[in-house]
Structures are given as structure tokens and as C-alpha cells.
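# Survey of secondary and tertiary structure
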Amino acid sequence: MPNDKPRVARPPQEPTMTLELTINGSAKTLQVNPGEVALDTLRRAGYASVKRGCDEGDCGSCSILVDGRLMRACLLYAGQLHGRTVTTVEDLGTARDPHPIQRSFVEAGAVQCGYCTPGMILATHALLTEHPDPSEDQIREGLDGNLCRCTGYVKILDGVRLAGKSLRDGGDQ
Amino acid sequence: MSDAKLWNVVGTPVEKVDAAALAAGAPLFTDDELPRDLLFAAMKWSPHAHARITAIDTSAAEAMAGVHVVLTHQNVCRIMRTTAGQGHPEPSPYDFTTFDSKVRYVGDRVAAVAAETQALARAACEAIVVEYEVLEPVLDIRQAMADGAPVIHDEQDAHMPIVAPYEPKRNLAAHVNVAVGDPAAALDKAAVRITSEYECHYAQHCPIEPHIVVAAVDGYGRLIIRTSTQVPFHVRRIVATACEIPVRDIRVIKPRIGGGFGVKQEVLIEDVVSLLALRSGRPVKIEYTRAEEFISSRTRHPAVVSMDLGFADDGTVDGMTMRVLLNTGAYGSHALTVGCNCGSKVLPLYKCDNVGFLLDSVYTNLPVGGAYRGYGATQAAFGMECAMDEAAVAMNLDPLELRRINHIGPGDSSPIFKALGEGTEGVEQSIGSCGMSACLAQGAAAMDWHAKRERLDEGRFRRGVGMCALMQGSSIPEVDLGAASIKLNEDGSFNLLMGATDLGTGSDTVMAQIAAEVLGVSLDKILVLSSDTDVTPFDVGAYASSTTYLSGMAAKKAAAGARRQILEVAARMTSTPIEKLSIEDSRILGGSKPLTLSDVALNSLYAEHQHQIQSVASHVTEKSPPPFSAHFAEVEVDLATGMVRVLKYVAAVDCGTAINPQLAEGQVEGAVLNGISFAMTEEYLFSKLGKMRNPTFKHYKIFSTRDLPELVTILVPTYEPTGPYGAKSVSEIGINGPLPALGNAIFHATGARLHTSPFTPERVLAALK
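### Quick look at the packing of helix 3 (residues 117–130) of chain A against helix 4 (residues 136–143) of chain A
Relative orientation and spacing of two packed helices are given, respectively, by the angle between their axes and the distance between those axes. Residue and element names in this part refer to chain A. In contact at an axis separation of 9 Å, helix 3 and helix 4 are set at 135° when each is read in the N-to-C sense. By the angle class used here, helix 3 and helix 4 are oblique. By crossing handedness, the relation of helix 3 to helix 4 is classed as right-handed. In this structure, helix 3 contributes Met 120, Ala 123, Thr 124, Ala 126 and Leu 127 to the contact, and helix 4 contributes Gln 138, Ile 139, Gly 142 and Leu 143. Class assignment for the residues of the contact of helix 3 with helix 4 results in six nonpolar, three polar and no charged.

### Comments concerning the environment of B:Ala617
Turning to its location among the elements, B:Ala617 is positioned in strand 25 (residues 614–619). When residues no more than four places from it in sequence are discounted, the contact partners of B:Ala617 are B:Ala483, B:Ala484, B:Ala554, B:Lys557, B:Ala558 and B:Gly561.

### Quick notes on the packing of helix 8 (residues 335–344) of chain B against helix 9 (residues 377–394) of chain B
Residue and element names in this part refer to chain B. Where helix 8 meets helix 9, the closest approach of the two axes is 8 Å, and the angle between their N-to-C directions is 40°. The angle between helix 8 and helix 9 falls in the class oblique. For the pair helix 8 and helix 9, the sense of crossing is right-handed. In contact with Asn 341, Cys 342 and Gly 343 of helix 8, helix 9 contributes Ala 377, Gln 379 and Ala 380. In terms of residue class, the contact of helix 8 with helix 9 is made up of three nonpolar, three polar and no charged.

### Re the pairing of strand 26 (residues 628–638) of chain B
Residues and elements named next belong to chain B. Counting buried positions over the 11 residues of strand 26 gives nine, a clear majority of the element. Note: strand 26 against strand 27 (residues 644–654), 10 bridges, orientation antiparallel. Residue His 631 lies in a different strand from strand 27, and its bridge partner there is Ala 651. Between the antiparallel neighbours strand 26 and strand 27 lie five residues, among them Gly 642 with a positive phi of about 80°.

### With respect to helix 9 of chain B
Residue and element names in this part refer to chain B. Compared with an ideal rise of 1.5 Å per residue, which puts 18 residues at 26 Å, helix 9 spans 25 Å between its outermost C-alpha atoms and is within 8% of the ideal. Summarising burial for helix 9: 15 of the 18 residues are buried, a large majority. Downstream of helix 9 by one or two residues, Asn 396 has phi in the positive range, about 55°.

### Here's the deal with helix 5 (residues 232–243) of chain B
All names here are of chain B. The end-to-end C-alpha distance of helix 5 is 16 Å, a good match for the 16 Å that 12 residues give at a rise of 1.5 Å each. Counting buried positions along helix 5 gives nine out of 12 residues, so the element sits mostly inside the fold. Against the buried residues of helix 5 lie strand 10 (223–227), strand 11 (250–253) and helix 6 (270–280). At the exit of helix 5 stands Glu 244, carrying a positive phi of roughly 55°.

### Observations regarding the domain arrangement of chain B
Where interface size is given, it is often the accessible area lost as the parts come together that is meant. Residues and elements named next belong to chain B. Partitioning chain B into structural domains gives domain 1 (37–135 + 211–287), domain 2 (299–476 + 623–768) and domain 3 (480–619). Between domain 1 and domain 3, the C-alpha centre-to-centre distance is 39 Å. Counting residues at the interface gives 19 residues for domain 1 and 14 residues for domain 3. Here the side of domain 1 that touches domain 3 takes four residues from helix 5, the largest share from any one element. Of the residues in the side of domain 1 that touches domain 3, the class split is six nonpolar, nine polar and four charged.

Conventions used here
Residues numbered from 1 in each chain as written. Chains lettered and ligands numbered in written order. Predicted model: local features only at pLDDT ≥ 70, side-chain atom pairs only at ≥ 80, totals over all residues. Axes fitted to C-alpha atoms, helices over the stretch in contact; angles between N-to-C directions. Helix = DSSP H or I, 4+ residues; strand = E, 2+ residues; numbered from the N terminus. Parallel < 35°, antiparallel > 145°, perpendicular 65-115°, else oblique. Left-handed = near helix turned anticlockwise from the far one by under 90°. Contact = placed C-beta atoms within 7 Å. Nonpolar A, V, L, I, M, F, W, Y, C, P; charged D, E, K, R; others polar. Buried ≥ 20, exposed ≤ 12 C-beta atoms within 10 Å, placed from the backbone. Pairing = 2+ DSSP bridges. Expected span 1.5 Å × (residues − 1). Domains from an automatic or database assignment.

And the structure:
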């Protein structure tokens, strides 16, 4: 196919910042641009579970744990992760060796399209760490920042309850 | 017949086949697997609702280092078509071209850029200088066809590809006028007559994954499109037209997609990113922002639905007319078919010989309508089911009883089935399965309907209950085609290749369950691959509530073909008559020696009469059997503020056999909550010049966990003889109930009738006065 115009080679803006952090238990050194948002950095680094849904902190699809606290990667600059410990859903388990929360979501039928699921699972992780036996109000509060358009949340809440029970009973981990 | 014990895999809540991988965050979506040397696309949008482009200067953008291609109407061929992802020829007006010299809504396309980074592509869009001649916009649906109204599609080449009324000079995108019997006479002599108008609003689907497409030209010169779509085969055909390349040079792959709900039944941006890839020679990605998803994607067509219902003294309905004024926005995508569905998926619910239906779908300079779960039935059910509630009040009847007296049942037909189809005449059919009576009874019991109807509150907070009855369809009869192929592997597993598109609904799982049931194997033996136009058979795609009912039958037939071939080989291997053989748990039973499916596969692939056991099948339906549903809502209204709290919501649904009850419930729950959210809070706010002012989740409120009322889902089993293992559709019907059920509940609580949605505190307060 003919090109519109002569190709002017111009590489993307050169990364100018070195970011050192721990992601999912591994020490990482990443080159980033100042002003880059953590969501873009993490996706570029291959953490596909960190999803883009709104870029404005409204949907929770890009939820990550930063030093164990639930945060939205789209509201953080990459630089804010320097020296931090980041956890994404990839760290919890795999399809064949799932974490009890992942297992519970699957069993409860909480996964439809699956796009919000990693964020929901991390929100559940944060909730159950703080409240191992959460009340209904605490469950709803804990997941309120994560939007799902497929499930009507009924089976997601079932999944959270099941996960809580599973972890209280010893889980696998 | 519906005894679930007859089946091993069908009718059981097996785990969704992709759920574990999705829960692990595996890289399964379009954006998770990007080619090297990727360019990023951005688009420049119209700031005006209605304007002519008098000049475009792209030189500054093109001069920017790292910008590869700039597309405008000046360098892209004009090919009139539609973006509606429908069968060929699409029953939507050809009023759209990739780029036009006129813009018709705020957010219409002006230009596209491919550049080395996303930021650069956006900056280049900013650098494009456009001069406009601003025209008077049409922003009021009721004024669209007024004498002297500005003509939105004044181009000479807009046309309708099928035979159907189309008058763009009057801003008329579609028109239907059908009548059976004599509705006017029936209404004139009715003992009780209700005339009432209901208006429902703009809304967006809000898939959490916005539209995203990656297009690349491969080493053979073919265009490979990975896209978040519900209609991969329609994408291939429509992109071929738009880009003037043969269908054979395009491969469309649908990975996992992050929700669709109809908005991805649109061939929305595949054309642009394909042209950018073809011209740059580099892979190109385009990804909508959330604001673009709201403004420049597709919406639910707003509608004004005017009902005229006539009843005899005994409460039976004698005459009905429905007039629909549908706002299709700037382009006529689905303008005819969504309009037709307003009548065809709502009017047949009640037995009546005198029925009229009138549709005007009009252009305005507002966001573009499209397919949205419910597809017209949502808008029309608001009018019909609230008018039925008004009738019950007028006749001093329990609204439940009024439905019970009038609803269609097994063996009944409706003249509307024949009179009104998808833009053309419909197909006559009589009802096979109908669980409406049970839905009404079980739903009422779960709501404690009779007790709650009696309650009368005093004071500031008033509680009330309302209900409605619903139907939908299952695929488009004599139009939709689904196909499947299946082959046996050495270990007794099967590859099931489906054209059908799993948009997160779980259709891959449902198809696997059906095939596993036929083949006598467990679910893990069926490996499903769907929606790759180079690999899988054809399917129209995921729309019209067709996948389980239609594509499921294709899977069933294909599996039956493979089963027959397996038994032929087994009969030869065991010297046993084929009639004596069956398959259970991957073993061949009834033969003279034990055999497994693996033995059969190894024999056929390596030993005797060598061949691949493989089968392909297609399915088209003659019927579109409706699922039925009854919804019951309980609300509490604050008379001081107009704030409505939804306390409890019950949806009883007859979807025939639920192939997977857990997935079926999930479809109902998701649809119902989307419907409640639509009825209560979701709303497009426009500036005086037609610009949507609230394109974020902060200002366009979709329900979250805190807002969730008590939701009760009841699956009422019936057996649809024409569906796979008795199944009908389930995914769309649930969204149609909340508008009327909540509106009727607010009326019961307060005596205020809401004729305009959504039911925000302002509207409720206004209605209370």
C-alpha cells in the first residue's frame, strides 16, 4: 500500500527516569517518562491484568496493591511507585493454581467478561486482609469503587463471601 | 421432558470455560497482545452539532516528526454504507462514509492520525486546522420532521439498501405503518380506553472495556484485525467495502472482550484503523477513551412511545395501537430495526386481534443510536407496561390479574408476528413454550405482592410495589445463520469451532456443554475456539438473543454428525451393529469389547480407513420463540426530596431450559441491574448546542455495589421444542423490566405517574406536584 508521505523516523519519547520497585515479589528496574501514569507503565511492562477502563479513577479496573493498599494505577504517577511494593492479580495465582479468592470468584459465577475481575479480586483481597469476616456493609463498601456492567454484582458478592469463608477455613494459602 | 436428570452436562452450573484464566488476569484481551512497531491512532471530533467543513489544513500535523498518516475526507474514498453490524444487505440506511465534508453531531468524525505515540497522535489531531460553516442543528426529536427543519442528510447519495420508506429530506430515517384487524374501531367502542405517552432517554452501554482495535498488515499482505466486537464476520464484510479490498484479504479475530451489550454490534472504528494500517504499513492501535465511548460511540435510541389501549368490561384487551417516535441521532444505524422491535417484541404479549403500529425514526444532530440490549423492546415496554398499569387502576383490577387475563400462551399466535419483522414482514409463528403464568405467580410470591399492594404508608417515606410482564425473541427467523464445526483428537478431546461470539456472556461454555452432552463426554474434553474469520465457520454474531438458541443448535447438529462418525468406526472396530452403540463418559458402550473415544480416534487417524472424524453444521430458524418474564419492584420514595430507593427487585424468567443455570442467572442479574441503573440515574445531559456534558462515570452514574437492591432471580423452566435441549434466549429480556416496574411502583407508593425517564429526584418531585 502506498504511504501518504515519506516516513520520518522518530522514536517515542526517550524514557528519562529510572524506577526501582518490587512487582509481585521481584525487584524491577523500569525506565519511564516523567509524567507517565502507573497504569501505562505497568501495562507496558506486561502486567496485562491491570486494565484500562476510564483513566479517571472511576471504574477500578486498574486496581493494584501498593504496599498492600488498594490503589488505582490510573491515578498514580509511575514515579510514585519508586521504592514501593506492587501486587497485581498475576501474583495471586494462575488459572491452574488459583488463589482462594480467584477460585471463589470462578465457583460463584462472578466472572462474566472478566475485564473488571482482576480489580474486583484485588479489592476483595484488600477487604479480607482488613476484615477477615466482613459484614455485608463492609463487603459493599470494599467493592464500591469497582464497576462491573455484566453481573449486577450479585455473584461477585457471592464470590467475596465464599472467598472470606475459604480463607477463614484455611484456604490453600 | 424437561427432566434435567436426562442430561449430564446440560442443565448444570458448570464452571465457565474461560473464568479461571480471566480471574488469573491472563493476557486475553485485544490490548494484551500487541505487535511490535505499533503506531497509535487518535481521532479529531466535531465540536459542532451541525456544520459543513469548508477547509481542512493538515500540513502542521503531517509535518510533526513521528506522524505517519493523517486521514480526512480529502484523502479517503467516499463509499456510502452503514456502521450497523447487521446481515447483508443491512436494513439500515447507507448514510455514512468513513469521513464526510459535513459533521452531524458533536463528536462526529473529522480526521484520524497514526503516530509513534498516543500523545503524539492526539497532539497531531489538535494541530489539524478546520474551518466550519456552522448550520442550525435539530436538537428536539419532536421538531425533526417539522416544515422547514434543517435537513441533516442533504447529501445526494444517502439511500436505503433495502426496500423501505426513507426520506432524508424530511429527516425521516425509517417509517413503518402496519395494522391488523381494525384497531381504530376497537378503540372507539372500548369500555375503558387508556391513551398515554412515555418518553425514555439517551443511555450508553458502558462496557468496562471501551472500543479497541488493532489492525496490521501481515507478511502476505493481508489485513489482520484484532477487535473487541460482537460481529467479526460483519466486520470483515463491512471493512472490505470501506477499504476497497477483497474479503479474502481480511482476517478478523475476536479475542476475549470486555463487555458489549450491543454497542460492539457496530463496525465503529475498524474502518479507520484498517486504513491507517494499510497506508502506514505499520500495525496501528485505536482505543476509545471513556469520554469518546460516551460521545462518539453508540447509544440507546431515545423514544417517545404513545399507547392507545381499549378494553372490554371484563378486562380483556380489544384494541391496541403503539406510535413510536424514535431518535436515531445523526446516523440511521439500526433506526428501522430497533423501531420495528418496539412493536414486534412488545405487542404480541397480549392476545388482541386489532393492533396498530406506527414508527417514525428521525434524524437529529445528537449522538447516534445503535443496538443496545433489549433493542427497542426496552423503550416500548416502558410505554406498554405503564399504560397497562394505568388500565388496571382505571378498571380497579390488580395489575397482575390484568396481565393474567390477557397474556399470550402456548399454542396462541399473534398477527403481529407475521405483520412486523426486522424491517420487513415478519414470520408467522405460534407460541411453543410459555412460562408466563408461572413467572407471574412465582414472582408475585417472591415479592409478597398481594400483601404489599394492600399496604398504605403515611408520612414522608412511602413504599410501593409495581410490576410488569415482558417478552423478547430468540434470533431473527429466516435471517440469522449460525454454524459450527467439530473434530476429534487422539486423546478423545474435540476442537469445537464456533462462529458465535462470546462477549463475556459465557456462550463458549454453553456451546461446549451442548456438544459435550451430545458426545457423551465431560466438559473438559471440548476445546472451544470462536470468532476467527479465517478459522471458524460463519455466524452472524452475538445479537438478537440468538446465540444459545441458534448457534447452540448448530453446535448440537455438528456434534451429532461427529457422534455418528464415531459410532460408525466403533461399529466396525467391534463388529457390532451401530444401533446398539452409545457413548457415555468417553466410552463406547454396547460393543463386543471395551472402547474409548481415544481408541476410535487412534484407529481412524492411524490404523484403518484413515480419516479425520469431523463434522460441520449450519442452523437457521423458522421461529423466534419468545422468552417470557415477570418483574416486581419495591421502592421507597422520599416525598420531601423525590429520592427513590429501590428496595427489592424480583425477576422471574422463562428461558426454556437453562443450559447453564448459573450463567443464565448471571445474564438476568446483569440485565436487570443495568435496567435499574438506566431507570434511576443514567442520563445524557446536553448543552444548548447539543454537546453531551457528562461523559465520565463521575457524572454519568452507573450502579455500583452500594446501590444494589435485593435482587431475586427465578428461573422458570419450560421446554422449547425448537431449541437445543429446550433452550430459548435469556440475555436481553431482563433489561426491559425496570423502567415500567419501577415507574409503576413509584405510582403505587405516591400516586405520581412518571412519564419521562430516568426517575431522578427532580422528575419525581415534579410529578408529585
